[in-house]
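# Summary of structural features
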Amino acid sequence: MVNFAFKGGLSLRGPIRRRTVVGKVSRQGALVLSPGKRGWYAPLIVAVASIFLSVVAVGQQSDPAAAPPAESILASFLASFENALAEAIAKAEGSVVAIARVPRRRANESTVLEFRPDPFGRRLAPFIPSSPSDPDYVPSEYGAGVIVDRAGRILTAYHVLGEDSDQYDYFVTVADRRTLPATPLAADPRSDLAVLQVPADNLQPIQLGDAKSLQKGHFVIALGNPFAIARDGQASASWGIVANLQRKAPPRFPSSESGGKPTLHHFGTLIQTDAKLNWGTSGGALINLKGEMVGLLTALPAVAGYEQAAGYAYPVDDMFRRALEALLQGREVEYGFLGVSPINLTPEETLRGGLGARVDRIVPGTPAEFCGLRPGDVVVSINGTPVYDADSLVLEVGRLPVESRVRIEFVRDGRTRQIEAVLTKYPVRGKKIITTPPPTWRGVRVDYASVALDSETGLTLLSPIREGGVLVTEVARNSAAWQAGLRPGMLVLRVESQAVTTPRQFFELVANKSREVKLAVRDRPGGSLSELRVPPP
């Protein structure tokens, strides 16, 4: 209950979730508001009410006859704010879905059965098997998702799919309570984003906002499926404010990624909100008061190993939109790679006000080597954006697409210098789901040479490849390329007599060639050079 009492006989009462808030204001403008001990958002109501009542008190002091009653202004404000929340939720909730992740049954595995009484207390004979289409089915593994187009494509968090998507079946329940089977269309471990496809059309896509406009203190609403409570497709809502921006996800241990940071969000992208987020909200929507999605919810903990969610969301920014566009097409999401191993400045340098990231190591054959960076250089900005530490350098480069031209400002021997570099491709770790693979030519598929770094091929660039080249990643058996001797792991350096450094260049050079094509190749990075002749198919 809210009870605002004023000297002079003014009062206002209203329910606020078992919470008592008592306020008093004098005709001279003095205001006292005191909350009780229960209810998490009453202090916010108190603060907002304080501002409005203070304004009203000043107005009554200057012109008591003309000033409207204090309780009518406060009641009007609270009603308007309540309506704004309800309208934003109503606009977006039809685009938020519940996701059930069901482990596939293995051979000779017993069927999972449930015992349930009927509404009249009688035993049903004898048992009922669990099924995601059953309205009473409660999944043990669950999350949320967001409809991003009318053709049945659902955006969610990559980790909602589980460690191995081949071991699960997925079911999506939409707002009209239909439960639909879903298949992964594409998934990217570095952005922690994935897209599912369901057999439906005419769905209500969510409207995307812009997280760059967010500031601390902005009101936001979280829509998700906490504890599978919203498993019938009716999204659960909580609200709060933007508590912080550009937060870092806690490191994951054990992790194959250096430092336990497998995603870009570990380097400082996250929105933090005090809206209540529980397990199952991952993949849900963080919306503003316009009903626009400004973030994709994740139930990451604040500290690794703790179960309490910190209240994070992945921001809807340029990087998010670029990743989403690729995933909607079933393609791989590509990230820029400079080729430096950065470290933080020493504590002594930091205490002297130093900012930046020191280059500890240059990866041979990468843009960092080609542009002239050296170990010991301190990078202070990328494209004019300040670099504060090693994490911010990784983040600023990783936000950019492959083949981006970047301006690097760095300090060497006490002097500030600038150089430019063209980024290559970052070798993303983890399982990617790609249903629209890159094109092939005569049975061969190529990629940037940098993906050989600790990639799934097991190759490593042990020596500089200053002549460039593209990496052969796949060769179809019995194809023209296979017959010519091309194999995965080889580097193609030249097409005929022209050097090649990117897949785009490779396909431009081989396009419209109907005859035999000569390729200069190395059998491995740093290996011997040979010439192969690829016949027409």
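It should be noted that the structure appears before, not after, this text.
To keep things clear, this report deals only with the structure shown in the data block. A quick note: this is a predicted structure, and the numbers were derived from the prediction, not measured.

The rules we used
Residues numbered from 1 in each chain as written. Predicted model: local features only at pLDDT ≥ 70, side-chain atom pairs only at ≥ 80, totals over all residues. Heavy atoms only, no water. Salt bridge = Lys/Arg side-chain N within 4 Å of Asp/Glu carboxyl O. Helix = DSSP H or I, 4+ residues; strand = E, 2+ residues; numbered from the N terminus. Buried < 20%, exposed > 50% of the residue type's maximum accessible area, 1.4 Å probe, protein only. Core = buried A, V, L, I, M, F, W, Y, C linked by side-chain atoms within 4.5 Å. Pairing = 2+ DSSP bridges. Axes fitted to C-alpha atoms, helices over the stretch in contact; angles between N-to-C directions. Patch = residues over 30% accessible without salt bridge, like charges linked within 9 Å, V, L, I, M, F, W, Y side chains within 5 Å. Areas by Shrake-Rupley, 256 points an atom, 1.4 Å probe, with all protein chains shown as cover. Contact = heavy atoms within 4.5 Å. Polar contact = N/O pair within 3.5 Å; in protein donor to acceptor, adjacent residues only side chain to side chain. Phe/Tyr/Trp six-rings, centres within 6.5 Å; stacked < 30°, edge-to-face > 60°. Lys NZ or Arg CZ within 6 Å of the ring centre and 35° of its normal.

## Topic: the pattern of salt bridges
On inspection of all chains with the given rule, the structure shows 24 salt bridges. In this structure, aspartate 318 engages lysine 212 in a salt bridge whose closest nitrogen and oxygen atoms are separated by 3.7 Å. Note that aspartate 318 is positioned in helix 3 (residues 318-328) and lysine 212 in the loop between strand 12 (193-197) and strand 13 (219-224), a separation of 106 residues in sequence. Classification of aspartate 318 by relative accessible area gives exposed; the value is 53%. Lysine 212 sits in the exposed class, given a relative accessible area of 57%. Between arginine 399 and glutamate 396 there is a salt bridge, with the nearest N and O atoms lying 3.7 Å from each other. Via salt bridges that share partners, Lys248, Lys261, Asp389 and Asp391 belong to a single interconnected network.

## Quick word on the nonpolar core
Counting residues in each nonpolar core, the largest one holds 45 residues, and the members touching the most others are Leu155, Leu193, Ile287, Met293, Leu296 and Phe320. Residues Val475, Ala481, Met490 and Val492 belong to the second largest nonpolar core, which totals 23 residues.

## Regarding the pairing of strand 11 (residues 179-188)
As defined by bridge partners, strand 10 (residues 168-173) adjoins strand 11 across four bridges and the pair is classed as antiparallel. What sits directly across from phenylalanine 171, in strand 11, is proline 181. Counted between consecutive antiparallel strands, the loop separating strand 10 from strand 11 contains five residues, among which arginine 177 sits at a positive phi close to 75 degrees. Direction of pairing for strand 11 relative to strand 12: antiparallel, over a ladder of five bridges. If you follow alanine 186 over to strand 12, its bridge partner there is valine 195. Counting the residues in the hairpin turn of strand 11 and strand 12 gives four residues, including aspartate 192, whose phi is positive at 60 degrees. Alignment of strand 11 against strand 27 (residues 433-434), held across two bridges, turns out to be antiparallel. Among the inter-strand pairings, alanine 186 is bridged to a residue of strand 27, identified as isoleucine 434.

## Some words on the sheet that holds strand 14 (residues 236-247)
Pairing in this closed barrel of six strands is antiparallel, and the strands run 13-14-15-18-17-16 around the ring. This sheet shows a mean twist of 45 degrees between the axes of neighbouring strands, independent of strand direction.

## Let's talk about a nonpolar patch on the surface
On the surface, a nonpolar cluster with roughly 310 Å² of combined accessible area is contributed by Phe227, Ile229 and Trp279. Tracing the backbone through its elements, the reader meets isoleucine 229 in the loop between strand 13 and strand 14. On the accessibility criterion, isoleucine 229 (54% relative accessible area) is exposed.

## A closer look at unusual backbone geometry
Even without being a glycine, aspartate 192 presents a positive backbone phi close to 60 degrees. In this fold, aspartate 192 is placed in the loop between strand 11 and strand 12. In this structure aspartate 192 comes out as buried when scored by relative accessible area, which is 1%. The phi angle at glutamate 496 is positive, at roughly 60 degrees, despite the residue not being glycine. For glutamate 496, the position within the fold is in the loop between strand 30 (491-495) and strand 31 (498-499).

## Points about the side chain of asparagine 244
Residue position: asparagine 244 is located in strand 14. With residues near it in sequence (within four places) discarded, asparagine 244 still touches Lys216, Leu270, Ile271 and Gln272.

## A short note on the environment of glutamate 87
With respect to the helices and strands, the residue glutamate 87 is situated in helix 2 (residues 70-92). Classification of glutamate 87 by relative accessible area gives exposed; the value is 56%.

## Digging into the environment of arginine 104
The residue arginine 104 is located in the loop between strand 5 (96-103) and strand 6 (113-114) in this model. On a C-alpha basis, the gap between arginine 104 and glutamine 167 in space is 5.7 Å, while along the polypeptide they are 63 residues apart. There is a polar contact of 2.8 Å between the side chain of arginine 104 and the backbone oxygen of aspartate 166. Of the polar contacts made by the side chain of arginine 104, one reaches the side chain of aspartate 169; its length is 2.8 Å.

## Focus on the packing of aromatic side chains
According to the stated counting rule, one finds eight aromatic pairs in the structure shown. Ring centres of phenylalanine 81 and tryptophan 239 lie 5.6 Å apart, and the angle between their planes is 70 degrees; on these two criteria the pair is classed as edge-to-face. You can see phenylalanine 81 sitting in helix 2 and its partner tryptophan 239 sitting in strand 14, a full 158 residues away along the chain. Residue phenylalanine 81 shares its accessibility class with tryptophan 239, and that shared class is buried. With a centroid separation of 5.7 Å and an interplanar angle of 75 degrees, the aromatic rings of phenylalanine 337 and tyrosine 426 are classed as edge-to-face. In this pair, phenylalanine 337 sits in strand 19 (residues 336-337) while tyrosine 426 sits in the loop between strand 26 (424-425) and strand 27, placing the two residues 89 residues apart along the sequence. Like phenylalanine 337, the residue tyrosine 426 is buried in the burial classification. Across from the ring centre of tyrosine 168, 5.0 Å away, lies the NZ or CZ of arginine 101, which sits over that ring. When the ring centre of tyrosine 426 is taken as reference, the NZ or CZ atom of arginine 190 above it lies at 3.9 Å.

## Concerning the side chain of threonine 156
Among the secondary structure elements, threonine 156 is positioned in strand 9 (residues 153-157). Assessed through its relative accessible area of 0%, threonine 156 is described here as buried. Side-chain polar atoms of threonine 156 contact the backbone oxygen of alanine 144, separated by 2.7 Å. Beyond its immediate chain neighbours, meaning those up to four positions away, threonine 156 contacts Ile99, Ala144, Gly145, Leu161, Asp192, Leu193, Ala194, Ser282, Gly283 and Leu296.

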